[in-house]
Amino acid sequence: MAFVGTYEHTLDAKGRLVLPAKFRSHFADAAYLAPHDGCIGLWTPEGFQEMAERLLEEARGGVISPGVLRRFSSMSEEVRPDAQGRIMMPSRLQDFANLDREIIICGAIQRIEIWNASSWEAMADELDESVEIAFQQGSGI
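Caption draft 1: Region of interest: the side chain of Q94. Tracing the chain through its elements places Q94 in helix α4 (residues 91–96). Overall, the relative accessible area of 18% leaves Q94 in the buried class. When residues no more than four places from it in sequence are discounted, the contact partners of Q94 are L11, G15, M89 and L99.

Given below as structure tokens:
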């Protein structure tokens, strides 16, 4: 399964986010929210477990500080979509990613990313240039 596509959405007044219909079946039972590179990542339980195991190995191997693992896990949250496909976005994660009403939800192959719409737009041109360079260099993208 690969998560792809970009969707414009909004957070409601209660901090809930409606998942795009295309993604909902992957998160029917549970999902994990966590801080990720200026945005909020949303993983399936299996994807989150794989990532957590990788981070644990990196902490054990001295690649990352145990503090990184501690902070990551303390900021993460298990969520369950309601009947309308909404998930609650905890305020600590909203603050981390500067989420306000207008957000962008995009597929990132192994996870979904939830961005502040202004932050996403500010980096969109840079992302386009990166993809173009990768194609020109024949990276196989």
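Structure shown, so let's carry the discussion forward.
Caption draft 2: Focus on the state of the cysteines. Counted under the stated rule, the structure contains 0 disulfides. Cysteine C39 shares no disulfide, and the gap to the nearest cysteine sulfur, in C106, comes to 6.9 Å. A relative accessible area of 0% means that C39 is categorised as buried. Note on C106: relative accessible area 4%, which makes it buried.

Caption draft 3: Spotlight on the side chain of N116. On the secondary structure map, N116 appears in strand β8 (residues 112–116). Given a relative accessible area of 6%, N116 falls into the buried group. Side-chain polar atoms of N116 contact the backbone oxygen of N98, separated by 2.5 Å. In contact with N116, other than residues within four places in its own chain, are A97, N98, L99, D100 and E102.

Caption draft 4: Fine view of the pattern of salt bridges. Scanning the entire structure with this criterion turns up 7 salt bridges. In this structure, E58 and R54 form a salt bridge, with 3.4 Å as the shortest nitrogen-oxygen distance. In this pair, E58 and R54 both sit in helix α2 (residues 45–60), 4 residues apart, roughly one turn of the helix. Classification of R54 by relative accessible area gives partly exposed; the value is 46%.

Caption draft 5: Seen up close, the pairing of strand β4 (residues 39–43). A large share of β4 lies buried, amounting to 5 of its 5 residues. Pairing between strand β3 (residues 31–36) and β4: 5 bridges, direction antiparallel. Residue pairing in the sheet places P35 in a bridge with I40 of β4. What sits between β3 and β4 in their antiparallel hairpin is a turn of 2 residues, with D37 showing a positive phi close to 50°. Where β4 meets β8, 3 bridges bridge the pair, whose relative direction is antiparallel. Its bridge partner lying in β8, I40 is registered against I114.

Criteria and cut-off values
Residues numbered from 1 in each chain as written. Predicted model: local features only at pLDDT ≥ 70, side-chain atom pairs only at ≥ 80, totals over all residues. Heavy atoms only, no water. Helix = DSSP H or I, 4+ residues; strand = E, 2+ residues; numbered from the N terminus. Buried < 20%, exposed > 50% of the residue type's maximum accessible area, 1.4 Å probe, protein only. Contact = heavy atoms within 4.5 Å. Disulfide = S-S within 2.5 Å. Polar contact = N/O pair within 3.5 Å; in protein donor to acceptor, adjacent residues only side chain to side chain. Salt bridge = Lys/Arg side-chain N within 4 Å of Asp/Glu carboxyl O. Pairing = 2+ DSSP bridges.

In short, shape yes, function no, at least from these values alone.
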